[in-house]
Amino acid sequence: MVGMRHLISQGRRFWQHWWKFLLPGLLLLGIVTLAVANSQAPVTLRVLMTAPDTPPWREYLAEALNTRQHRIRVEVVEGPNSPNLIEDLYTTAFLLGNSPYDLVYMDVTWAPKFAAAGWLRDLTEDFSTQDLAGFSPQDMEGGKYNGRLYRVPVRSDTGVLYYRRDLLEAAGLSPPRTLEELVAIAKSLQQRGDVRWGYLWQGRQYEGSTAMFVEIIQGFDGFWIDPQTLEVGLDQPEVIRAVDFLRSTIAEGVSPAGVTTYVEEDTRLIFQNGDAAFLRSWPYVFPLANQPDSAIRGKFEMMPMVGSETSSRRGSCLGGWGLGIAKTSKHPQEALEAIRFLTKAAVQKPYILKAGYMPSQRSLFTDPEVVANYAHYPTLKAIADQAVLRPPIAQYAQATDILQRYLSAALTNQLTAEQAMQAAARETRLLLDAARRGGAS
Ligand code: GLC
């Protein structure tokens, strides 16, 4: 009886004070719900890239990640056209110390500088040899600094030579084997009135001119900077001949005087309009120049860049873009997951099929569906295997700036080839000597 009464009075007390128990319970439930909801809110990773890179990236890569990986979203910020300006924007953001970018989309030449400055996370332990087995050794080389990994390749690139198959065939000519033959064929097609211009290349003072020029240097058997010894070869006769070769194409009317202001897109539009016999550019031109509204659809081919008859070498510049993670990112784990996802062969396939870019996953070069759409991919793979890497050194940004300035001065006749390359060599040696002493970086 007593027990019963006790129970009843306890029950009554509970009902009088129930809210005291319920309120903390409700509060706790609210906190837990919020925490769970928060942990499921997608993390947005921001990345900056050039304007031409943006549409296919958004449509194929970011879209694939955003739909298949609900926890992570990639926001692609469209930057200006030139790789130099993108590099400057990243650099400024890192120097200011409050970078809005989590992922860093880097040209093949940037990783050493960014890594040396301490702006990138070291990814060496995050990727096993097995994870990286599908990429080419050259592409991987461009992502390393002091033997550590900072950048994983998303797409590769290599300089190629386009020519008008229809015009060469009609004139009974074979594709050129040397730069001298290229010029001779170009002149004869110009004389026949088939094309206004013979040969297009990128001569504006920007990174594209460096990429174009390393191919000509190589084709004349010269070198720019030996990355191992930091020796500079710009004032050697081979390099001076390479500059003179480019100058002669303008002087002889084979290349328009405008090449000294052209970037890739200027040259593509002239070639695509049917106004030139040869174009040095990158594989992205192929699908664009084959669009239904192109004047040269189905009339052109792509081949490896040629070298001078005075040398046994020929050069194709290795290009390409890859992802690293900003040290300041608040979401390094998600950024890592995104890189793993975006560099998978299956994710890359629709992207490269659409944009005509070179894959970073080697298996795609010979993938049946890729080859059915782009018969030139196996050739591209062979060209890429021979491609020259611009020197992967921490002082690359300053070195290319020096080269671009003096090359431009020579191409626009402000200096002779010899004056320009001697001055460029002198400045580059000063830069690298300072670096050796631990001064510049
Ligand atoms: C392409 C290449 C890149 C190069 C640039 C020059 O984007 O992939 O490596 O630096 O062209 O304009």
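What comes next concerns the included structure.

Thresholds applied
- Sequence positions are assigned chain by chain, starting from 1 and proceeding in written order.
- Confidence filtering applies because this is a predicted model: local features only for residues at pLDDT of at least 70, side-chain atom pairs given and counted only at 80 or more, and all residues used for totals across whole chains, interfaces and linings.
- Excluding hydrogens and water, the side-chain values take into account all heavy atoms of the structure.
- The pairing criterion is simple: DSSP has to find at least two bridges between the two strands.
- Helix and strand labels come from DSSP, where a helix needs a run of H or I of at least four residues and a strand needs a run of E of at least two; each type is numbered from the N terminus.
- In this analysis, axes come from line fits to C-alpha atoms, helices being fitted only over the stretch in contact, and the angle between any two N-to-C directions falls in the range 0 to 180 degrees.
- Two residues form a contact once any of their heavy atoms are found within 4.5 Å.
- Relative accessibility decides the category of a residue: with a 1.4 Å probe and only protein chains considered, values under 20% of the type maximum give buried, values over 50% give exposed, and everything between is partly exposed.
- Convention used here: a crossover is right-handed provided that the path from the first strand, over the helix, to the second strand proceeds clockwise when the strands point away from the viewer.
- The criterion for a residue being near a molecule or strand is simple. One of its heavy atoms has to lie within 4 Å of it.
- Polar contacts, as used here, are pairs of N or O atoms within 3.5 Å; protein pairs need one atom able to donate a hydrogen and one able to accept it. Residues neighboring in sequence count only if both atoms are side-chain atoms.
- Residue exposure ignores everything except the shown protein chains as possible cover, and the areas themselves are Shrake-Rupley values with a 1.4 Å probe.
- Residues are grouped as follows: nonpolar covers Ala, Val, Leu, Ile, Met, Phe, Trp, Tyr, Cys and Pro; charged covers Asp, Glu, Lys and Arg; every other residue, Gly included, is treated as polar.
- Domain start and stop positions are those given by an automatic or database domain assignment.
- What counts as a salt bridge is simple: a side-chain nitrogen of Lys or Arg found within 4 Å of a carboxyl oxygen of Asp or Glu.

### A word on the sheet that holds strand S8 (residues 197-200)
- Read across the open sheet, the four strands follow the order S8-S9-S7-S10; overall the sheet is mixed. The sheet terminates laterally at S8 and strand S10 (300-303), the two strands that pair on one side only. Between one strand and the next, the sheet's axes are offset by a mean angle of 15°, whatever the strand orientation.
- Pairing between strand S7 (residues 160-164) and S10: four bridges, direction antiparallel. Paired with Tyr162 across the strands is Met302, a residue of S10.
- Against the sheet, helix H16 (residues 377-385) contacts S7 and S10, and its axis sits at roughly 35° relative to S10.

### Points about the pairing of strand S1 (residues 43-49)
- With five of seven residues buried, S1 lies mostly within the body of the structure.
- Relative to strand S2 (residues 72-78), S1 is paired through seven bridges, and the arrangement is parallel. Looking at S2, one finds that Arg46 is bridged to Glu75.
- Read as a crossover between parallel neighbours, the route from S1 over helix H2 (residues 54-68) to S2 is right-handed.

### So, the site of the ligand
- Lining the immediate environment of the ligand, one finds Pro83, Asp107, Asp157, Tyr206, Glu207, Gly208, Glu264, Trp282, Gly319, Gly320, Trp321 and Arg390.
- Here an oxygen atom of the ligand and a side-chain polar atom of Trp282 are 3.4 Å apart.
- For the ligand, whose accessible area on its own is 310 Å², the fraction buried by protein is 93%.
- Within the residue set of the shell around the ligand, elements represented by two or more residues are helix H9 (207-219) and strand S11 (318-325).
- Sort the elements by how many residues they give to the shell around the ligand and S11 lands first, with three residues.
- In terms of residue class, the shell around the ligand is made up of four nonpolar, three polar and five charged.
- There are two domains that each give the shell around the ligand at least three residues, and those are domain 1 (43-156 + 319-381) and domain 2 (160-315 + 395-437).

### So, the pattern of salt bridges
- Scanning all chains against the criterion turns up 27 salt bridges.
- Notably, a salt bridge pairs Asp385 with Arg362, separated by 3.1 Å at the nearest N-O pair. Of this pair, Asp385 sits in helix H16 while Arg362 sits in the loop between strand S12 (358-359) and helix H15 (368-373), and the two are 23 residues apart along the sequence.
- A relative accessible area of 37% means that Asp385 is categorised as partly exposed.

Such coordinate-based values are descriptive only and should not be taken to indicate function.
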